[in-house]
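An overview of the molecular structure
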Amino acid sequence: MKLRNSLLLLLTATIWGTAFVAQSVGMEYVGPLTYVCTRSIIGSIVLLPVIAVLRRVGPPRASVTLEEKRKGRKTLLLGGACCGTVLCIASTTQQITLLYTSVGKAGFMTACYILVVPVLGLLFGRRCGLKHWCSVAIALVGLYFLCMAGGSFGFDTGTLLGLGCALLFSMHILVIDHFSPMVDGVQMSCIQFAVCAVISGVAMLIFEQPTMANILAAWKAIMYAGVMSSGVAYTLQIVGQKGMNQTIASLIMSLESVISVIAGWLILGQALTAREIFGCVLMFCAIVLAQLPEKAKAKA
């Protein structure tokens, strides 16, 4: 089960990494809120037939009382609303960050959620072993070499937005970690995107002036982000995080930074420097270390 979940999260990171190109291209035509709204609408719609198919081919459900159904539906709606709200704010912040700073710097700061997640977990009484903290430290060093090559690190507007983005995505991971064991992951993902679309849509009409021409000009970038990055990847995240340690989950998903560089090299012909290759090696070492089994404690 843990191996399967790890592979699902790795696939999630792969989709997110390759979707980074679509994110940048889409922002050339539409504003941040418009981009988040349209991709979320598509992500929610894509999941509707998936839910219908799973209901037909899935295993028979255990009989429950009306009170249990009502309680389960309430938890599902609450989880979807919470995840959608946090996701909307985090995704919009990430899009705005790209307007103020470089892609490499934004990628490093966003990936700092791998450090924020265990810190936030401590507030809820969850402990992380020394192995996980070492993995976080190695991963952060790897991300530095990967994304900060030749860059400076100052507390300008882009930096503050990027660090805020890391905090918001950390909260999103913890919210999913709380609700995913209690509800159907695909259904919660669908609700999450619907909520995200509504919130960003209202804000879009207030703060931006979207046109159908601009949206159609960015349709490829929006479709890829909506179908793959939103509909598929975020659902894989919810399913993959079930029963996983949230620190390990965030470490695996942080590989999107590594994969985005590799995708740029293979698809766009952008060569990796020795510094970036060293960062990739450190990241994979951190993932391997985090997945190693704990030593059994000797009985007294």
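The present account deals with the structure reproduced in this document. Residue indices follow the written sequence of each chain, beginning from 1 at its first position. In keeping with the predicted nature of the model, local features appear solely for residues at pLDDT of at least 70, side-chain atom pairs appear and are counted solely at 80 or more, and the whole-chain, interface and lining totals rest on all residues. Note: side-chain values were computed over all heavy atoms of the structure, leaving out hydrogens and water.

So, on to the overall build of the protein chain. Working definition: helices are DSSP H or I runs of at least four residues, strands are E runs of at least two. Numbering for both runs from the N terminus. When helices and strands are counted, the protein chain shows 13 helices and zero strands. Buried residues in the protein chain amount to 50% of all 300 residues. The contact definition used throughout considers only heavy atoms, calling two residues in contact when any of these lie within 4.5 Å. Put simply, of all contacts in the protein chain between residues at least 6 apart along the chain, 91% involve residues at least 24 apart. Accessible surface is estimated by sampling points in the Shrake-Rupley manner with a 1.4 Å probe; for residues, cover comes only from the protein chains shown. Here the protein chain has roughly 15,200 Å² of accessible surface; of this, 70% comes from carbon and sulfur atoms. Three exposure classes are used, based on accessible area relative to the maximum for each residue type with a 1.4 Å probe and protein chains only: buried under 20%, partly exposed in between, and exposed over 50%.

Before going further, it helps to spend a moment on the nonpolar core. The definition of a nonpolar core used throughout is a set of buried Ala, Val, Leu, Ile, Met, Phe, Trp, Tyr and Cys residues joined through side-chain atoms within 4.5 Å. Of all hydrophobic cores here, the largest spans 49 residues; its most connected members are Ile 114, Phe 169, Met 253 and Leu 255. Sorting elements by how many residues they give to this core places helix α7 (residues 157-179) first, with six residues. Once residues lying within four places of it in the same chain are set aside, the contact partners of Met 253 are Leu 9, Ala 13, Trp 16, Tyr 113, Ile 173, Gln 237 and Gln 241.

For helix α11 (residues 246-253), a buried count of eight out of eight residues is recorded, marking the element as mostly surrounded by other parts of the structure. Among the residues making up α11, those that are buried are Gln 246, Thr 247, Ile 248, Ala 249, Ser 250, Leu 251, Ile 252 and Met 253.

A few words on the pattern of salt bridges. Within this document, salt bridges are pairs made up of a side-chain nitrogen of Lys or Arg and a carboxyl oxygen of Asp or Glu, the two lying within 4 Å of each other. Inspection of the entire model under this criterion finds one salt bridge. Between Glu 67 and Arg 70 there is a salt bridge, and its shortest N-O distance comes to 2.6 Å. With a gap of three residues between them, Glu 67 and Arg 70 both fall in helix α3 (residues 66-100), about one helical turn apart. The partly exposed category is assigned to Arg 70, whose relative accessible area is 44%.

Let's shift gears to empty space enclosed by the protein. The way it works is a 1 Å grid over only the protein atoms, where trapped points that fit a 1.4 Å probe form a cavity and open points with protein on both sides within 12 Å along at least five of seven lines form a pocket, and then any residue with an atom within 4 Å of a point lines it. Grid points are joined across faces, edges and corners, and a volume is the space filled by probe spheres set on the points. Applying the stated criterion across every chain, the model contains two cavities of 30 Å³ or more. Taken as a whole, the largest cavity encloses approximately 210 Å³ of empty space. Trp 16, Gln 94, Phe 169, Tyr 234 and Glu 256 are, among the 16 residues lining the largest cavity, the residues nearest its centre. Among the residues forming the lining of the largest cavity, the class breakdown is seven nonpolar, seven polar and two charged. If you add up the space inside the second largest cavity, you get close to 30 Å³. Looking at the second largest cavity, the residues that line it are Val 36, Arg 39, Ser 40, Leu 87, Ser 91, Phe 193, Ser 230 and Tyr 234. By the convention adopted, Pro, Cys, Tyr, Trp, Phe, Met, Ile, Leu, Val and Ala count as nonpolar, Lys, Arg, Asp and Glu as charged, and the other residues, Gly among them, as polar.

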